There are 2 protein chains.
Amino acid sequence: MATIKEVAKHAGLSVTTVSRYLNNHPYISDEKKEKIQKAMEALDYTPNAAATQLRSNKSYTIGIIVSRITNPYFSYLIDAIEQVVKPTPYHTLILQTYDDPKEEVRLLDMLKQRTIDGIIMCSIENDISLIKQYKQYGPIVVTGDISLKKSGLPVVATDQEEATYLAIKYLLDKGYTEIGYCTGGIFSKSKHGSSRKNGFIKALNEHHIELNDSRIYNNVHTIDDGFKLGRSILNSPKNEWPEVIFTSSDEVAISLIHTFIEAGVKVPGDIAVMGYDNQPLTSMIQVPLTTVSQPVQAIGEEAVHLLISLLNEESYEVNEDRLMLEIVERKSV
Amino acid sequence: MATIKEVAKHAGLSVTTVSRYLNNHPYISDEKKEKIQKAMEALDYTPNAAATQLRSNKSYTIGIIVSRITNPYFSYLIDAIEQVVKPTPYHTLILQTYDDPKEEVRLLDMLKQRTIDGIIMCSIENDISLIKQYKQYGPIVVTGDISLKKSGLPVVATDQEEATYLAIKYLLDKGYTEIGYCTGGIFSKSKHGSSRKNGFIKALNEHHIELNDSRIYNNVHTIDDGFKLGRSILNSPKNEWPEVIFTSSDEVAISLIHTFIEAGVKVPGDIAVMGYDNQPLTSMIQVPLTTVSQPVQAIGEEAVHLLISLLNEESYEVNEDRLMLEIVERKSV
DNA sequence: ATGAAAGCGCTAACAA
DNA sequence: TTGTTAGCGCTTTCAT
């Protein structure tokens, strides 16, 4: 591969001038510009990214951390982010944790290594205080619940406690009292992401309903997890079934519904299911899904704007009005 | 940030020894090892990735090119790839073209810049001969139809012409003659990916059915594109409707079906729809989708094994037996 | 408007 | 087993 040195020699100029040309500096005569252009083409020159990074200490790369790319909530979020990043000089590096906190740390370390200049965290596995320690190495924007705001990190957040509270209230008002609660994490471990849990508990309390541990389903993330949970519920005595299951993700909701229908169990009727996310296909499944819609597009866009402002040491005011959750009533409840 | 120099000074050793430790070279006494370890911890040292790359001319990064991440075929393919890459020293860089050939070139250029060591192309926008020119900068594995084999590039491929031929024959045998054909590209422009088109034409010819241009739908990629196509068909006179639509992607098939059902049109009955990919949710939609299943997991795994072998200058025999397409009969046809 | 030269943090050939 | 040293390809003072 050709280097800047060879280009300079070919053009009969110094490396400095070529470098200036590369970086759009002023003070280069049009004549030389042309010479350089010609030399670069003749030698099929492309700047070596590592050298540029090493010298300038900028990677122009933004890390996007998600738990899994196959979850449409995340893939659409990433898509929204990429659209905004595209016209900027930045690139995007998509990183999956698969819900593993250790993996998340490994990814945060990339900030230290200068592989990435900044991070957008679309999912969070570790304690927020640990994440905050990495702020010294570059800006980190977190997305999630408004409770993250007190971390002091820049945040693009929705009110998930309130949304969950309203969702559970909606179920209670429909007359359901035996409510199953399905979470991606572990219910009893109160850490981040407990905002949805708090909303759930608040709604139950208001209706003087006691929390029933056997209705809490932990670590349910994927379509497959939904199948497994569905089968295990079907295998339990029918009088122990919840009347409705509130899930943390539409994918789980969809596979639950499918498992029930396949077994001849009516949804709703025998058992109802509520989703979370309002993913693209949720209106087109066997039983159109009642769910909580997340403003994916807005979250992604605001997060990038915020991060890039931080990278440029400018300020940016997140447009909170775009970040509203709402219940989408369809047929599964 | 601490550098290797500071670590060396702190440990009372030379940078060489520290570098050796970092790269697991032999010939370091345990005593020094410990000293280095301590110094690294004390200084919170992490190697600078750009410097390592520049010096060693290896990025340990594999580029994965897809057209769009929101398409489950691609997100599951990426997922399969990441699982195999994870235990290796390599990282993964996911790159979207959004079907834009120019963007694809920009991504291929990353090979030249040494941002990535090798590429897995999950989608292809440019002529294969153009892509082949980049081979000199690093190994490129392409996935797709077996017709790619004659390009001379390393390939992980399925027989899409045969699968499409069988699919169309299946439709013809069911008595459908007015078959709509929905493609992500442009039908008339015969370039790569025309293998499915060839299978389509072959099946029609065998049944002495003439190609009807008005039944060819070009540039239909996304869920939204499916909606638009569905509406435009509904707006045409009913006697001009195709009896069945063969699509290039389940997402398109699903949104077509949804559009039809919403309008009170029966699927199948008034109009049938066949998909391609066998994406995860296809069995759970309103009308379970008849489709062509692709061995996503196997394609991803074989592609990584092949690429990494190439990077290590070893040989690898792709297991072709895993790369079979098959028709999945459900209810939409 | 252009160039010489120092050095970013790391690896590896060579020496000891 | 350890150290000295010369770059990898680029950007950026500081001169002129």
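Residues numbered from 1 in each chain as written. Chains lettered and ligands numbered in written order. Predicted model: local features only at pLDDT ≥ 70, side-chain atom pairs only at ≥ 80, totals over all residues. Heavy atoms only, no water.

- Chain A is annotated in an unreviewed UniProt entry as LacI family DNA-binding transcriptional regulator from Corticicoccus populi.

Quick look at the sheet that holds strand 9 (residues 272-274) of chain A
All names here are of chain A.
Right, on to step 1. With parallel pairing, four strands are arranged side by side in an open sheet as 7-6-8-9. One side of each edge strand has no neighbouring strand; the edge strands of this open sheet are strand 7 (216-217) and strand 9.
Right, on to step 2. As paired elements, strand 6 (residues 179-182) and strand 8 (residues 244-246) share three bridges and run parallel to each other. Residue pairing in the sheet places G180 in a bridge with I245 of strand 8. (Pairing = 2+ DSSP bridges. Helix = DSSP H or I, 4+ residues; strand = E, 2+ residues; numbered from the N terminus.)

Here's the deal with the interface of chain A and chain B
Right, on to step 1. Opposite the 46 residues of chain A that make contact, chain B presents 46 residues.
Right, on to step 2. Run the count over chain A and chain B and you get two salt bridges.
Right, on to step 3. Salt-bridge contacts for D44 of chain A lead to K112 of chain B; the nearest nitrogen and oxygen are separated by 2.5 Å.
Right, on to step 4. Counting across the interface, chain A meets chain B through 16 residue pairs in polar contact (both at pLDDT 80 or more).
Right, on to step 5. Within the residue set of the side of chain A that touches chain B, elements represented by two or more residues are helix 4 (49-56), helix 5 (72-85), strand 2 (91-96), helix 6 (101-112), helix 10 (223-234) and helix 11 (250-262) of chain A.
Right, on to step 6. If you tally residues by element for the side of chain A that touches chain B, the top one is helix 5 of chain A, at six residues.
Right, on to step 7. Looking at the side of chain A that touches chain B residue by residue, the classes come out as 21 nonpolar, 16 polar and nine charged. (Contact = heavy atoms within 4.5 Å. Salt bridge = Lys/Arg side-chain N within 4 Å of Asp/Glu carboxyl O. Polar contact = N/O pair within 3.5 Å; in protein donor to acceptor, adjacent residues only side chain to side chain. Nonpolar A, V, L, I, M, F, W, Y, C, P; charged D, E, K, R; others polar.)

What to know about the protein's contact with DNA strand C
Right, on to step 1. Near DNA strand C there are 23 residues, and of these R20, Y27 and K32 of chain A together with I4 and Y45 of chain B occur at the shortest range.
Right, on to step 2. Backbone polar atom of I4 of chain B to a phosphate oxygen of DNA strand C: 2.3 Å apart, as the coordinates give it.
Right, on to step 3. Within the side chain of T16 of chain B, one N or O atom sits 3.2 Å away from a base nitrogen of DNA strand C.
Right, on to step 4. Contributions of two or more residues to the surface near DNA strand C are made by helix 2 (15-22) and helix 4 of chain A together with helix 2 (15-22) and helix 4 (49-56) of chain B.
Right, on to step 5. Residues belonging to the surface near DNA strand C are distributed by class as follows: eight nonpolar, ten polar and five charged. (Near = heavy atom within 4 Å.)

Observations regarding the protein's contact with DNA strand D
Right, on to step 1. DNA strand D sits among 23 residues. The nearest are I4, Y45 and R55 of chain A together with T16 and K32 of chain B.
Right, on to step 2. Taken together, the sugar and phosphate atoms account for 58% of what DNA strand D places within 4 Å of the protein.
Right, on to step 3. In this structure, T16 of chain A approaches DNA strand D through a side-chain N or O atom, which is 3.4 Å from a base oxygen.
Right, on to step 4. Classifying every residue of the surface near DNA strand D gives eight nonpolar, ten polar and five charged.

Things to note about the UniProt feature "domain: HTH lacI-type" (unreviewed entry) in chain A
Right, on to step 1. Cross-referencing UniProt, the feature "domain: HTH lacI-type" (unreviewed entry) maps to residues 2-56 of chain A in the present numbering.
Right, on to step 2. Here residues 2-56 of chain A is 69% helix and 0% strand, with 20 Å between the C-alpha atoms at its ends. (UniProt positions renumbered as here; feature names shortened; annotations may be inferred.)

A look at the side chain of S248 of chain A
Right, on to step 1. You can see S248 of chain A is positioned in the loop between strand 8 and helix 11.
Right, on to step 2. Residue contacts for S248 of chain A: discarding those within four places in its chain leaves C182, T183, G184, R196, V220, Y276 and D277 of chain A.

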